[in-house]
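What follows is each chain in one-letter form.
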Amino acid sequence: MSSFNFNAIGDSLKEASQKTDGVGVSFAGKALKLNTEEDAKEVTEAIEKCKDMEYLDLEGNTLGPDAAKAVSEAIEKHGAKLKRALWKDMFTGRMKDEIPVALEHLGRGLCAAGTQLVELDLSDNAFGPIGVKGLAALLSSSACYTLQELKLNNNGLGITGGKLLAKALMDCHSNSLRDTSKPFALKVFIAGRNRLENDGATALAEVFKKLTTLEEVVMPQNGIYHPGITALADGLSTNQGSIADAVADKSQLTFLALDGNAFGEEGRAVLVESLKNSDKIESLGAMDEDDDDNDENSEEGEDDTETDDTKSDVEEDESDVSAVKDEQPTKILTVQEFLKAPTGDNFLKMQGDKSQAFAEHIRSILKSSNEDKTNDVIKVIMKVSALCASGYIDVRVPAEQVTERLYSELFKTATENNRVPSLNNALLVNLGLLKSEDKAASKIDWNLEGCFKALEKVCQRDYFLPQTRDTLKVFIDKPMKQTRVRVVDPFQAAKDSLKTSLGPIQST
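Keep in mind the model is a prediction, meaning the values are calculated, not measured. (Residues numbered from 1 in each chain as written. Predicted model: local features only at pLDDT ≥ 70, side-chain atom pairs only at ≥ 80, totals over all residues. Heavy atoms only, no water.)

A. Spotlight on the overall build of the protein. Along the protein, the regular secondary structure elements total 21 helices and 9 strands. Burial status across the protein gives 44% buried among its 508 residues. Considering only contacts in the protein between residues 6 or more positions apart, those separated by 24 or more positions represent 80%. Working note: accessible area of the protein is about 27200 Å², and carbon and sulfur atoms make up 48% of it. (Helix = DSSP H or I, 4+ residues; strand = E, 2+ residues; numbered from the N terminus. Buried < 20%, exposed > 50% of the residue type's maximum accessible area, 1.4 Å probe, protein only. Contact = heavy atoms within 4.5 Å. Areas by Shrake-Rupley, 256 points an atom, 1.4 Å probe, with all protein chains shown as cover.)

B. Structural detail: the environment of lysine 83. As for its placement among the helices and strands, lysine 83 is situated in the loop between helix H3 (65-78) and strand E5 (84-86). Note on lysine 83: relative accessible area 32%, which makes it partly exposed. Expressed as a C-alpha distance, the spacing of lysine 83 and glutamate 54, which sit 29 residues apart in the sequence, is 5.1 Å. Beyond its immediate stretch of four places on either side in the chain, lysine 83 contacts Glu54, Gln116, Leu117, Val118 and Glu119.

C. Fine view of the packing of aromatic side chains. Applying the stated criterion across every chain, the model contains 7 aromatic pairs. Plain terms: the ring middles of tyrosine 407 and phenylalanine 411 are 6.3 Å apart, the flat faces sit at 35° to each other, and that makes the pair tilted. With tyrosine 407 and phenylalanine 411 both in helix H17 (residues 393-416), this residue pair falls 4 residues apart, about one helical turn. Relative accessible area serves as the criterion here: at 1%, phenylalanine 411 is assigned to the buried category. For the ring pair phenylalanine 411 and tyrosine 463, a centre distance of 5.9 Å and an interplane angle of 40° mean the geometry is tilted. (Phe/Tyr/Trp six-rings, centres within 6.5 Å; stacked < 30°, edge-to-face > 60°.)

D. Summary view of the nonpolar core. With 64 residues, the main nonpolar core has Leu56, Trp87, Leu150, Leu165 and Phe189 as its most contacted residues. In this structure, leucine 165 is in contact with Val132, Leu139, Leu150, Leu152, Leu157, Phe189 and Leu204, ignoring residues within four places of it in sequence. (Core = buried A, V, L, I, M, F, W, Y, C linked by side-chain atoms within 4.5 Å.)

E. Molecular detail of helix H21 (residues 492-502). Listed in full, the buried residues belonging to H21 are Ala494, Lys495, Ser497, Leu498, Lys499 and Leu502. For H21, the secondary structure elements touched by its buried residues are helix H19 (448-458) and helix H20 (466-477).

F. Representation of the environment of alanine 85. Considering the arrangement of structural elements, one finds alanine 85 in strand E5. By relative accessible area, alanine 85 is classed as buried at 0%. Along the sequence, alanine 85 and leucine 122 sit 37 residues apart, while their C-alpha atoms lie 8.3 Å from each other. In this structure, alanine 85 is in contact with Leu56, Leu117, Glu119, Leu120 and Asp121, ignoring residues within four places of it in sequence.

G. Region of interest: the sheet that holds strand E1 (residues 24-26). Taken in spatial order, the 7 strands line up as E1-E3-E5-E6-E7-E8-E9 in an open sheet, and their pairing is parallel. Bordering the open sheet on either side are E1 and strand E9 (216-218), each of which pairs with just one other strand. Neighbour-to-neighbour, the strand axes of this sheet turn through a mean angle of 5°, independent of strand direction. As paired strands, strand E7 (residues 149-151) and strand E8 (residues 188-190) are joined by 3 bridges and run parallel to one another. By the bridge assignment for E8, lysine 151 is matched with isoleucine 190. (Pairing = 2+ DSSP bridges. Axes fitted to C-alpha atoms, helices over the stretch in contact; angles between N-to-C directions.)

H. Broad picture of the state of the cysteines. Counted by the stated rule, this structure contains 0 disulfides. Residue cysteine 144 stays outside any disulfide, its sulfur separated by 5.8 Å from that of cysteine 172, the closest cysteine. A residue is classified by how much of its surface remains accessible, and cysteine 144, at 0% relative accessible area, is buried. Exposure remark for cysteine 172: the relative accessible area of 0% places this residue in the buried category. (Disulfide = S-S within 2.5 Å.)

I. Representation of the packing of helix H4 (residues 98-113) against helix H5 (residues 128-139) within the structure. Two elements in contact, H4 and H5, have axes whose closest approach is 8 Å; the angle formed by their N-to-C orientations is 10°. In terms of axis orientation, H4 runs roughly parallel to H5. Here Pro100, Leu103, Glu104, Gly107, Leu110 and Cys111 of H4 come into contact with H5, specifically with Ile130, Gly131, Gly134, Leu135 and Leu138. Tallied by class, residues from the contact of H4 with H5 come to 7 nonpolar, 3 polar and 1 charged. (Parallel < 35°, antiparallel > 145°, perpendicular 65-115°, else oblique. Nonpolar A, V, L, I, M, F, W, Y, C, P; charged D, E, K, R; others polar.)

J. Highlighting empty space enclosed by the protein. In this structure the tally under the stated criterion is 2 cavities of 30 Å³ or more. There is about 40 Å³ of room inside the largest cavity. If you tally residues by element for the lining of the largest cavity, the top one is H17, at 3 residues. Its residues assigned to classes, the lining of the largest cavity comprises 3 nonpolar, 3 polar and 2 charged. In this structure, the second largest cavity spans a volume of roughly 30 Å³. Every residue along the wall of the second largest cavity is listed here: Cys388, Glu400, Thr403, Glu404, Ala454, Lys457 and Val458. Only H17 and H19 provide two or more residues apiece to the lining of the second largest cavity. Residues that form the lining of the second largest cavity fall into these classes: 3 nonpolar, 1 polar and 3 charged. (1 Å grid on protein atoms, 1.4 Å probe; cavity = no way out; pocket = protein on both sides within 12 Å on 5 of 7 lines; lining within 4 Å. Points joined across faces, edges and corners; volume = space filled by probe spheres on them.)

K. Main features of the side chain of asparagine 430. Tracing the chain through its elements places asparagine 430 in helix H18 (residues 420-430). From its side chain, asparagine 430 meets the backbone oxygen of alanine 426 in a polar contact 2.7 Å long. In this structure asparagine 430 touches Asn375, Ile378, Lys379, Met382, Ile444, Trp446 and Leu448, once residues within four positions along its chain are discounted. (Polar contact = N/O pair within 3.5 Å; in protein donor to acceptor, adjacent residues only side chain to side chain.)

L. Summary view of the pattern of salt bridges. According to the stated counting rule, one finds 19 salt bridges in the structure shown. The closest approach of N and O atoms between arginine 363 and glutamate 409, which form a salt bridge, is 2.7 Å. Here arginine 363, found in helix H15 (residues 354-367), pairs with glutamate 409, found in helix H17; they are 46 residues apart in sequence, far enough to count as distant. Taking the shortest distance from any N to any O, the salt bridge between arginine 405 and glutamate 409 comes out at 3.4 Å. With a gap of 4 residues between them, arginine 405 and glutamate 409 both fall in helix H17, about one helical turn apart. On the accessibility criterion, arginine 405 (25% relative accessible area) is partly exposed. According to the relative accessible area criterion, glutamate 409 is buried, its value standing at 15%. (Salt bridge = Lys/Arg side-chain N within 4 Å of Asp/Glu carboxyl O.)

Rendered as structure tokens:
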């Protein structure tokens, strides 16, 4: 790999933009275990020193009740201008009865400070229905009257939690109408992987019908069937904002494909007019196959719907199949078997100390010949670190642990054998930041978002070499190759976040 004049490059590059817009405090990814008020002192002092704090990002740390109480008191004194509470993955390892208490403390601080939240993100916190009880007071309070984005992905809410959440949001709407001239106007609601099922979805559908302001709703993997889907469709039908307004500020949008939906003649006219007003009409593709109301009505007589009896039979059959499957022993996979199909499910099927198993595997690769096997090792790391973007905590957390162990082993070996340039080059190639000189090289078939997310933590470790840090920084800053059709880099957000963690290029 050719050498770089890092002094010259460093002068030409600007400092990376912050992960979150505005002024705020971030301890994201620090993996702090905060049990006592004393443990939380680092966080509380940062809050006290931050004037006009607009966001507080505590993702990836774990707070107990006492620590949460201390943070709450700091928010009460200095959080009047707080807009974004970014609190993903914040209770790992906590007891079931600790989480609602901690949430109550934090909510109390937000309310006492007179905050007007715009975004509340509590995703990847498995607090279940009991956690919603701890959140209810906050969600129905004046602190949430201005809330635009509510993110509760992968919280294990269940049907009970879904109903409790719906009640809190309905109370927020009623209270805001009572207290202000601007009613609760939520725009984004994310609640995937929560086992809401039909009853939970139906309860939330009533909230959606009342709001009328939603622009984005994400609820995958909730076990919702026909009754729940019908209720959601009915509730969402009153929300007239989704598509034209959403693309109005997308400067890199070149093509908008909406064919095959059911906007109807009136809906198409509204969409076209809105796109004209935002100068995005040229991006709209053909809508020749849009299903209008007449098409929908003409199919009403077709006998393709499930009766209650039929549905019960189907559910019974599925239950029987599940029961049979549960009786089958789960196959335990080896490292080699996982690498052939590196999915989250297969990762979970590996038993024992995964970090040790993978470490031994890459050692065997490195000892298999006198040739430089750095690229082969990095491919293994990529397939594991790709899982660091998983929404499942039981996949993501051990994947992060294994990734850190493997990077540590790799950097140690590369340093001892004077193969750091080879490491840097292979890392760039396998991250898609540099084209491989080997024409026979296999294509990237792993999730690069997870790989970039993993590097956010790894790059802060002592074993991570400065020259690797600077090399990554240079290539992440390189723009995508321009083609006739402008494209949006799907990993740009992950790259920007990593770039912030890497920091400025060091002079060498």
